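# Structural overview
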Amino acid sequence: MTDVLAVAEHRQGELRDVSRELVTAGSELAAETGGDLHVAVIAGDVDAYAEALSLEGVDTVHTVAYGEEFNHDVYTQVVIQLFDELAPSYLLTPNSVNGLDYAPAVATRLDLPLVTDAIDLETAGETLVATREMYGGKVETTTEVEADTVAVTIRGAEWPAAETGGDPAVEAFDADVEEGAIGSTVTGFEEVAGGDVDITEADLLVSVGRGIEEEENLELIEKLADALDATLSSSRPIVDAGWLPANRQVGQSGKVVTPEVYIAIGISGAVQHVAGMKGSDTIVAINTDPNAPIMDIADYAIQDDLFDVVPALIEEFQ
Amino acid sequence: MKVLVPVKEIATVEDEFEIDGTAIDERFLGADLNEWDDYAIEEAVQLQEDGVVDEVVTVTIGDEDTEQTIRQALAKGADRAIRVWDDALEDLDLLDVGAKVAILEQVVADEEPDLVLTGVQSGDDSFGATGVALAEAVGYQWAAVVNQLDLDGDTASVHRELEGGIEELTDVEVPAVLTIQTGINEPRYASLRGIRMAQRKDLDHQTLADLDVDPEAIAGDLNLTAMYEPESESDTTVFEGSADDTAGQLADLLRDAGVAQ
Ligand SMILES: Cc1cc2nc3c(=O)[nH]c(=O)nc-3n(C[C@H](O)[C@H](O)[C@H](O)COP(=O)(O)OP(=O)(O)OC[C@H]3O[C@@H](n4cnc5c(N)ncnc54)[C@H](O)[C@@H]3O)c2cc1C
Ligand SMILES: Nc1ncnc2c1ncn2[C@@H]1O[C@H](COP(=O)(O)O)[C@@H](O)[C@H]1O
């Protein structure tokens, strides 16, 4: 029997989607062996979160009312104490920016093998088998973990969110947070500047990635956007390089867009990019690499050099 | 103040490739400095140029071939480099986070840096976890996914880039490990002078025994058992033909969809 401890995530008063996905992943794992699924929720309005987390498959929700927002020292201490108390086999956390700010520390302290960014999990007897990507999504791998206890961070949007209500026990966990060991203080939040254009409003997005190579070449994509009367957006490297302002960035740390048509030009389709555009009605990819992940999620693909295709496309609309 | 920058040489894959067992066939692999580490080096070198930092040391777990990448870091301004390699590492098909930490924690113990700047993740196996795991192992504070850093005495004031265009402002006590996100600065190209100077900089090779690393600790519990190309999730229509042909088909599609005239 293997019990699972999953740690929910919330920010600024909202439970994040991945929390319900963790419940699905956790309850699948627990069900495979007849174990229990424990969910922990730390900081903020834990009672409200516990109610939202009262989902089918959850046996117990452990609440820890300490602080308002995420603090990695608090999370690390509390999760370690819960782990010691419940002695689960698997620790599941989101592979989010905050998940990666405490899960590796917990794994180190508890001496647990750590598998990050899992997109699928199975058990084969005592062995946990995790599916992960490598090389920016060009290949998938399976990793077997030979240990009784394992820490896993799961990728968002890979498991369906648990929605059916359940009736778990809700228990306040009496964590003993050592204040002296808290060496980091969250002093606030800041939203990245809005700017001139709202790419989330566009019906047609022409989006450019590192395949454009040089800043001078950006003009070509701007010309295309003009010819199509489309809005210009981009992947992260273009913004990192300062070629376009931050409000044009599509993805996990940029904007989530849902245009009628999204044309990805010279963009590989890394998971953090796809997180921002997979809801587009129609996805078109122009890429020289047939194995780029974007070619798999695209509805229409052109496997060719953008420097040949884009001029021809501009021509079509002049 | 001293900064340690763990630098990884990542494997890059050609557009067309073949898989051989649980690895990409070597014929289709290249090597590059991990993108995130490039930003970490730049951040460290800028701190040195600002007079906040006296020494920038890089550390790489990698075989002799990785020296070309290490020299790149030296050419960009790092003062000296440590390369850890050992026959015992040769046979591992996966160097997991626990193994990296077992090695890097000994380097931190020897070097006693005030700051360790890792990348957020490696571009090839993408664990995204080494920095924070290392911090806990050496008893340093930490912050993951840092896209702005200001040092003021014993406090590092950082911005952590969360999802959805939100940044968290956090004060972290030094010594600390920070995992550096792309975009935090503009990495420089190595100058010719830098490249020449890099040839003369110290690049010190250490074995596990030199570092007192227990070989047991690097065996790891993770075993790669399969590697394959992912199955396509959607029905993709591939437009065939010359650039004019495919552009024409795409133009029709856009007109039919009513998003362009
Ligand atoms: C915490 C975190 C958050 C992140 N957030 C984001 C985010 O919000 N948005 C984002 O986009 N990324 C984000 N990233 C980065 C992400 O992991 C990738 O590094 C990035 O998306 C890659 O951008 P790209 O596809 O433009 O570049 P690459 O991956 O380098 O792809 C370039 C593509 O261009 C193709 N190409 C090259 N030349 C040509 C040509 N002549 N014609 C046609 N095609 C060509 C290549 O085949 C390749 O597929 C984040 C990463 C992390 C760790
Ligand atoms: N082999 C290595 N040698 C030196 N540093 C490494 C190595 N692997 C990972 N790192 C460091 O850890 C960071 C995160 O890597 P990872 O956790 O493997 O995704 C990298 O950006 C490097 O700074």
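Residues numbered from 1 in each chain as written. Chains lettered and ligands numbered in written order. Predicted model: local features only at pLDDT ≥ 70, side-chain atom pairs only at ≥ 80, totals over all residues. Heavy atoms only, no water.

## Here we look at the overall build of chain B
A tally of regular secondary structure across chain B gives 8 helices and 15 strands. Taking all 261 residues of chain B together, the buried fraction comes to 55%. Counting only contacts in chain B whose residues sit at least 6 apart along the sequence, the fraction spanning at least 24 positions is 70%. Accessible area of chain B: about 11400 Å², with a carbon and sulfur share of 40%. Here chain B holds 15 positive side-chain charges and 63 negative ones, and the gap between their average locations is 10 Å. (Helix = DSSP H or I, 4+ residues; strand = E, 2+ residues; numbered from the N terminus. Buried < 20%, exposed > 50% of the residue type's maximum accessible area, 1.4 Å probe, protein only. Contact = heavy atoms within 4.5 Å. Areas by Shrake-Rupley, 256 points an atom, 1.4 Å probe, with all protein chains shown as cover. Lys, Arg positive; Asp, Glu negative; His and termini not counted. Charge placed at Lys NZ, Arg CZ, Asp CG, Glu CD.)

## A short note on the domain arrangement of chain A
All names here are of chain A. The domains assigned to chain A are domain 1 (4–181) and domain 2 (199–317). Taken residue by residue, the interface counts 6 residues in domain 1 and 6 residues in domain 2. A combined buried area of about 440 Å² lies between domain 1 and domain 2, and 57% of that area is made up of carbon and sulfur atoms. Of all residues in domain 1, Gly136, Lys138 and Arg155 bury the most surface against domain 2, accounting for 67% of the area lost on that side. Seen at the junction of domain 1 and domain 2, the total is 1 salt bridge. In this structure, the salt-bridge partner of Lys138 is Asp289, at a minimum N-O distance of 2.9 Å. The tally of links between domain 1 and domain 2 comes to 1 residue pair in polar contact (both at pLDDT 80 or more). (Domains from an automatic or database assignment. Buried area = accessible area lost by both parts, 1.4 Å probe. Salt bridge = Lys/Arg side-chain N within 4 Å of Asp/Glu carboxyl O. Polar contact = N/O pair within 3.5 Å; in protein donor to acceptor, adjacent residues only side chain to side chain.)

## Quick word on the site of ligand 2
Residue and element names in this part refer to chain B. For ligand 2, the set of nearby residues contains 18 residues, the closest of which are Pro6, Asp37, Ser122, Gly128 and Thr130. Ile61 places a main-chain nitrogen or oxygen 2.9 Å from a nitrogen atom of ligand 2. One of the side-chain nitrogen or oxygen atoms of Ser122 is found 2.7 Å away from an oxygen atom of ligand 2. Contact with the protein chains removes 99% of the 480 Å² of surface that ligand 2 exposes when unbound. For the shell around ligand 2, the secondary structure elements donating two or more residues are β6 (55–61) and β8 (115–119). Top element by residues in the shell around ligand 2 is β6. It accounts for 3 residues. Broken down by class, the residue content of the shell around ligand 2 amounts to 6 nonpolar, 9 polar and 3 charged. (Near = heavy atom within 4 Å. Nonpolar A, V, L, I, M, F, W, Y, C, P; charged D, E, K, R; others polar.)

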